[in-house]
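Structural overview for review
Residues per chain, in single letters:
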Amino acid sequence: MMSAPSPHDRSRTDDEDDPVEQMISRTGCAELHYAVQECMAEKQDWRACQKQVQTFKDCMMSFQKARREQLMKEHLKPTESAHS
């Protein structure tokens, strides 16, 4: 008789449900994030992974800047529901 898997037994396939993974995948920087993770797993020292960290950071900063500009454009658009 097989018992049900524990709710705490998270496998690699659960990454799609991880909100952080989902957020990073929406930025277009997921591959760079994985490169940082792989480097950290291999080197066990974040100082040895500065190139990967910086590349990921630059990607995230570009995404955030573009997102901020998009939100500003949307915020500045006159809305049809604006009250006179």
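Please read these numbers as outputs of a predicted model, since none were measured by experiment. (Residues numbered from 1 in each chain as written. Predicted model: local features only at pLDDT ≥ 70, side-chain atom pairs only at ≥ 80, totals over all residues. Heavy atoms only, no water.)

Moving on, we come to the overall build of the protein. Along the protein, the regular secondary structure elements total three helices and zero strands. For the protein, the succession of helices and strands along the chain, N to C, is α-α-α. Burial statistics for the protein: of 84 residues in total, 15% are counted as buried. When contacts within the protein are restricted to residue pairs at least 6 apart in sequence, long-range pairs at least 24 apart make up 38% of them. As displayed, the protein has an accessible area near 7,600 Å², and 55% of this comes from carbon and sulfur atoms. (Helix = DSSP H or I, 4+ residues; strand = E, 2+ residues; numbered from the N terminus. Buried < 20%, exposed > 50% of the residue type's maximum accessible area, 1.4 Å probe, protein only. Contact = heavy atoms within 4.5 Å. Areas by Shrake-Rupley, 256 points an atom, 1.4 Å probe, with all protein chains shown as cover.)

For the rest of this paragraph, the subject is the pattern of salt bridges. Overall, the coordinates contain three salt bridges when judged by the stated rule. Between R47 and D45 there is a salt bridge, with the nearest N and O atoms lying 3.0 Å from each other. One salt bridge connects E69 with K65, and the closest N-O pair in it is separated by 3.2 Å. Placement of the pair is E69 and K65 together in helix α3 (residues 50–76), with a separation of four residues, close to one helical turn. Residue class for E69 comes out partly exposed when judged on its relative accessible area of 40%. The partly exposed category is assigned to K65, whose relative accessible area is 47%. (Salt bridge = Lys/Arg side-chain N within 4 Å of Asp/Glu carboxyl O.)

A few words on the state of the cysteines. Using the criterion set out here, one finds two disulfides in the structure. Here C39 engages in a disulfide with C49; their sulfurs sit 2.0 Å apart. With the S-S dihedral at roughly -90°, the linkage between C39 and C49 falls on the left-handed side. With a gap of ten residues between them, C39 in helix α2 (residues 30–43) and C49 in the loop between α2 and α3 connect regions that are remote in the sequence. (Disulfide = S-S within 2.5 Å.)

What follows concerns the side chain of H33. Position of H33 relative to the elements: it lies in helix α2. For H33, a relative accessible area of 13% corresponds to the buried category. Apart from residues lying up to four places away in sequence, H33 is in contact with E21, I24 and F56.

Attention shifts here to the nonpolar core. In terms of nonpolar packing, the biggest core is built from seven residues, these being I24, C29, A30, V36, F56, C59 and M60. Of all the elements in the fold, those that place two or more residues in this core are α2 and α3. The dominant element in this core, judged by the number of residues it contributes, is α3, at three residues. Ignoring any residue separated from it by four or fewer positions in sequence, one finds M60 in contact with M23, T27 and C29. (Core = buried A, V, L, I, M, F, W, Y, C linked by side-chain atoms within 4.5 Å.)

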